[in-house]
Amino acid sequence: MNKITREGSSFEITHYPWEDSGVHPKTIITIGYDDEGYNVHYVSYETELRAVETQHNSDVYKDSCMEIYMAFAEGDNHYMNVEVNPNGATYVSLSTCREESVKIDPKEIDTLGAKTQIFDDRWEIDYKIPKEFLEKYFPTYKHGKGAKLRGNFYKCGDATNHPHWGCFADITWEEPDFHRPEFFAEFELV
């Protein structure tokens, strides 16, 4: 079981299970928690960025994109995916699978406060998933030490010059598909 500490635990995206361009930018997510929710920090050493989308709930996965899919409540099949591009355009939905997905209102997405920074050698994302946000969508959610979560972290760029689909926990599937909760890793807050 992977451990998430209050200060933050880092996880690297190392699996690229599908045929792609062969360009796999080093990408690391650091996720920690406090009394107010989860602090998420992503860094990707991707220098040739695609950043077309500017609106929330747009097709950010076609751009350079970093994503988290997480089932926040034990025994609940729902998971939330948060996808962010270099412009800070954010897609958030609640799902049980690809075919059963409900987008979150863009005004609520603003409460995550996604901020991006672009440097010469990398780009970064910071946002917070508030505890109240999770309690609304996962009524049985328990916050704090000992809580168990399931999820995966992703790096993609479907329409970039170098298309790629990377994940933290490996996925065994014929074609690129991040909506595969059966391959989610297990996490515990410590």
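Please read all numbers here as calculations on a predicted model, not as lab measurements. (Residues numbered from 1 in each chain as written. Predicted model: local features only at pLDDT ≥ 70, side-chain atom pairs only at ≥ 80, totals over all residues. Heavy atoms only, no water.)

(A) How the structure looks around the overall build of the protein chain. Of the regular secondary structure elements, the protein chain holds 2 helices and 13 strands. Rg of the C-alpha trace for the protein chain: 15 Å, near the compact-globule value of 16 Å for 190 residues, within the 12% margin. A sequence separation of at least 24 residues applies to 62% of the contacts in the protein chain between residues at least 6 apart. Total accessible area on the protein chain stands at roughly 8,900 Å², and carbon and sulfur atoms take up 46% of it. Treating the 19 positive side-chain charges of the protein chain as one cloud and the 35 negative ones as another, the clouds have centres 5 Å apart. (Helix = DSSP H or I, 4+ residues; strand = E, 2+ residues; numbered from the N terminus. Rg over C-alpha atoms; globule rule 2.2 N^0.38 Å. Contact = heavy atoms within 4.5 Å. Areas by Shrake-Rupley, 256 points an atom, 1.4 Å probe, with all protein chains shown as cover. Lys, Arg positive; Asp, Glu negative; His and termini not counted. Charge placed at Lys NZ, Arg CZ, Asp CG, Glu CD.)

(B) Structural context of the nonpolar core. Within the largest apolar cluster, 40 residues are counted, with the highest numbers of intra-cluster contacts made by Tyr38, Phe72 and Phe153. Broken down by element, this core gets its largest block of residues, 4 residues, from strand E10 (residues 123-130). Contacts of Phe153, omitting those with residues within four sequence positions, involve Phe11, Ile13, Ile29, Ile31, Tyr42, Glu67, Ile68, Met70, Gly166, Cys167, Phe168 and Phe187. Judged by nonpolar contacts, the second largest core, of 15 residues, contains Trp18, Tyr69, Ala89 and Cys167. (Core = buried A, V, L, I, M, F, W, Y, C linked by side-chain atoms within 4.5 Å. Buried < 20%, exposed > 50% of the residue type's maximum accessible area, 1.4 Å probe, protein only.)

(C) Geometry of the environment of Leu149. Looking at where Leu149 falls in the secondary structure, it is placed in strand E11 (residues 148-156). The class of Leu149 is buried, set by a relative accessible area of 3%. In the structure, Leu149 is positioned 55 residues away from Leu94 in sequence and 15 Å away in space, judged by C-alpha atoms.

(D) Just the packing of aromatic side chains, in detail. The final tally for this structure, using the stated rule, is 17 aromatic pairs. Centre to centre, the rings of Tyr69 and Phe178 are 6.5 Å apart; their planes meet at 85°, and the pair counts as edge-to-face. In this pair, Tyr69 is assigned in strand E5 (residues 65-71) and Phe178 in the loop between strand E12 (165-167) and strand E13 (185-189), connecting sequence segments 109 residues apart. We note that Tyr69, like Phe178, is buried. Between Phe168 and Phe187, the aromatic rings sit 6.2 Å apart at their centres with planes inclined by 35°, giving tilted as the arrangement. Here Phe168, found in the loop between E12 and E13, pairs with Phe187, found in strand E13; they are 19 residues apart in sequence, far enough to count as distant. Like Phe168, the residue Phe187 is buried in the burial classification. Through a chain of ring-to-ring contacts, three or more aromatic side chains come together here, namely Trp18, Tyr69, Tyr79, Tyr154, Phe178 and Phe184. Over the ring of Phe119 we find Arg122, and its NZ or CZ is 4.0 Å from the ring centre. (Phe/Tyr/Trp six-rings, centres within 6.5 Å; stacked < 30°, edge-to-face > 60°. Lys NZ or Arg CZ within 6 Å of the ring centre and 35° of its normal.)

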